[in-house]
Amino acid sequence: MKRYTENTVARSLSLQKQLCRYASVSLDAELTGLSNTDRKTLGLLIKAAKLMDEIFYLQVWYSNPALRDWLKEHASASELDKLKWMYYSINKSPWSCLDENEAFLTTTDSAIKLLPEATKPVSGWKGLEYKAAFPMLKPPGANFYPPDMDKKEFKLWNDSLTEKEQNDAMGFFTVIKRHSEFSLDSSSPNHAVHGTNHLMTAHDLYSVPYSKEYNSFLRKAAELLHEAGDLAGSPSLKRLLHSKADAFLSNDYYESDIAWMELDSKLDVTIGPYETYEDAIFGYKATFEAFIGIRDDKATAQLKLFGDNLQFLEQNLPMDSAYKSKNVNAAPIRVIRLLYNAGDVKGPQTVAFNLPNDERIVKDRGTSMVMLKNVSEAKFKHILQPIADVCISKEQKGLVDFESFFTHTICHECCHGIGPHTITLPDGQKSTVRKELQELHSALEEAKADIVGLWALKFLINQDLLPRSLVKSMYVSFLAGCFRSVRFGLEEAHGKGQALQFNWMYEKEAFILHPDETFSVDFAKVEEAVESLSREILTIQAKGDKEAADLLLQKYCKMTRPLKHALEKLESVQVPVDIYPIFSTVNEISE
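Conventions used here
Residues numbered from 1 in each chain as written. Predicted model: local features only at pLDDT ≥ 70, side-chain atom pairs only at ≥ 80, totals over all residues. Heavy atoms only, no water. Pairing = 2+ DSSP bridges. Helix = DSSP H or I, 4+ residues; strand = E, 2+ residues; numbered from the N terminus. Axes fitted to C-alpha atoms, helices over the stretch in contact; angles between N-to-C directions. Contact = heavy atoms within 4.5 Å. Parallel < 35°, antiparallel > 145°, perpendicular 65-115°, else oblique. Left-handed = near helix turned anticlockwise from the far one by under 90°. Nonpolar A, V, L, I, M, F, W, Y, C, P; charged D, E, K, R; others polar. 1 Å grid on protein atoms, 1.4 Å probe; cavity = no way out; pocket = protein on both sides within 12 Å on 5 of 7 lines; lining within 4 Å. Points joined across faces, edges and corners; volume = space filled by probe spheres on them. Core = buried A, V, L, I, M, F, W, Y, C linked by side-chain atoms within 4.5 Å. Buried < 20%, exposed > 50% of the residue type's maximum accessible area, 1.4 Å probe, protein only. Disulfide = S-S within 2.5 Å. Patch = residues over 30% accessible without salt bridge, like charges linked within 9 Å, V, L, I, M, F, W, Y side chains within 5 Å. Areas by Shrake-Rupley, 256 points an atom, 1.4 Å probe, with all protein chains shown as cover. Salt bridge = Lys/Arg side-chain N within 4 Å of Asp/Glu carboxyl O. Lys, Arg positive; Asp, Glu negative; His and termini not counted. Charge placed at Lys NZ, Arg CZ, Asp CG, Glu CD.

1. Some remarks on the sheet that holds strand 10 (residues 333-343)
No. 1: Ordered by their spatial adjacency, five strands build an open sheet running 8-9-10-12-11, and the pairing between neighbours is mixed. Looking at which strands have only one partner, the edges of the open sheet turn out to be strand 8 (267-273) and strand 11 (352-355). Neighbouring strand axes in the sheet, compared pairwise and without regard to direction, differ in orientation by 35° on average.
No. 2: With four bridges connecting them, strand 10 and strand 12 (residues 368-372) associate as parallel partners. Bridge pairing in strand 12 places I333 opposite M369.
No. 3: Lying over the sheet, helix 11 (residues 254-261) contacts strand 8, strand 10, strand 11 and strand 12, oriented at roughly 55° with respect to strand 12.

Structure (structure tokens):
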């Protein structure tokens, strides 16, 4: 219907409007501290990072790489084709991240695929040709599960497996296939028909390790990382690159994740499968990504305070003491200036990340954190400051500052490392929060890190470990930040988590809407509101109570009237929703 009712001019205007939500920002980092060898290492790392992009496109949806190549090839055909390619490049799929994953292409934009080996060769005939039309609704299981698999079928199959097989099935680093699956696209090097090598069992599903599924890409990436590791001057970087290269081929990421946590190098690298946001069925499967940057030594030294106080914060969390961990490990924090990113970095850009997600490592060693300072600076300047000018009351808008915004971002990431992870269920069984809350885990965990981060800042201020001057500015900067994150959409984990927090705080009268449609913080009520939501989320996680999590998210993850007011105001003055980075420094190195 859309294809026939929308004309070219209307589509172009629509895409231009969607593109305008991203401010194009050049992200540079000073390379003078790098030796010639470091620069050669950097060039190899960028090549490896580009392979993470290739895998990620495939992970999102099977025909995604073909669609990408098709759109790129036709980008110069018309103004509309150029806009389609530009917006696709930001989203890395035909679904718009900022529009609840609504498709922004139509079936007419689908890629034409030629399958010369799909039938017997016929003289003078080039082969079978078809359109790889994408589903209008983004597949919740991405390309990790068969498209027609549901939770019930997975559970029946999973219950029939041994404990080791169950760990594989629910693990981060496997895809789930069907024995009966038959692919027309047998000519594709990354989509062999695995089922032919397996004996049929009572169940149709089976798991395939990433090392096999993405072998052609991972083999090349491993070679590049080994080469970069041989060149690297820093012993810890050398260890990381060699162990990560080995992990790509063995599918065992434990040692390489430990090496990543212990990285102490001017050249900072995060590469591999980590986040699980794309798996909207269970939140089990990890997507590939890469972040390459230069460490900011001065800023890194200033942040030691947070890592040193994690156990102290855990002991004082607003929840029942029975749920508190006795052995939280301090999270090492590294601040970098980002040079390049790839893979799962579509749409809204990451300002920080807290890894690994492997609960075995979190339990034994804690987590490590990387802050992308130049990304934070760009977002504050191009987005948060303009939001404050429009949405925060005249009396309080001057309280929104970069220090508060960046300090809360640090605390948010630290707070992923505290609170419940490995838990004991009411029947005495050991489990993890991720396993119990499944697809609800990501949104609730983002909300936890945010709100507990705000609680933690106030707690550290009360202990005279942070300046009192932060108190008011951190709450008002957080309020402005709510509007920034909700604009990511309520299908996205951060957007969901932020809607939950804003609506809770508004209900408790900690956030106030004025007649002129600006907002302010009630400093007399905000501390109690922050603590009560922190307690609610932490307790749900500690109990692994999926039903309570669902009720909380259903009640508060809504586009309420106050939120609508704010978002409409921001749209009317066209404040960007996020940034689109251009890596000019890297382009020089790769040339």
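Read on, since the account is not over.
2. Quick look at the packing of helix 21 (residues 493-507) against helix 22 (residues 526-543)
No. 1: Between helix 21 and helix 22, the least distance of the axes is 10 Å, while the angle of their chain directions is 130°. Taken together, the axis directions place helix 21 and helix 22 in an arrangement best described as oblique. Between helix 21 and helix 22 lies a crossing whose hand is right-handed. Of the residues in helix 22, those touching helix 21 at L500, Q501, W504 and M505 are V526, A529, V530, S532, L533, E536 and I537.
No. 2: A class-by-class count of the residues in the contact of helix 21 with helix 22 yields eight nonpolar, two polar and one charged.

3. Concerning empty space enclosed by the protein
No. 1: In this structure the tally under the stated criterion is two cavities of 30 Å³ or more.
No. 2: A volume near 50 Å³ is recorded for the largest cavity.
No. 3: Around the largest cavity sit F172, F173, D257, P273, Y274, P356, N357 and D358, which together line it.
No. 4: The residue makeup of the lining of the largest cavity, split by class, is five nonpolar, one polar and two charged.

4. A word on the nonpolar core
The tendency in soluble globular proteins is for nonpolar side chains to be buried as a group.
No. 1: Counting residues in each nonpolar core, the largest one holds 171 residues, and the members touching the most others are F154, F483 and L500.
No. 2: Residue contributions to this core peak at 12 residues, all from helix 19 (residues 441-462).
No. 3: Sequence-distant contacts of L500, that is, excluding residues within four places in its chain, are made with L444, A447, L533, I537, L552, L553, Y556 and C557.
No. 4: Formed by 25 residues, the second largest nonpolar core is a distinct cluster that contains L19, Y22, V60 and W95.

5. Notes on the state of the cysteines
No. 1: By the definition in use, this model includes zero disulfides.
No. 2: With no disulfide of its own, C20 lies 17 Å from the sulfur of C97, the closest cysteine sulfur.
No. 3: We classify C20 as exposed; its relative accessible area is 53%.

6. Description of a negative patch on the surface
No. 1: Together, E395, D516, E517 and E568 line one region of the surface with negative charge.
No. 2: With respect to the helices and strands, the residue E395 is situated in the loop between helix 16 (373-391) and helix 17 (402-415).
No. 3: Owing to a relative accessible area of 67%, E395 belongs among the exposed residues under this scheme.

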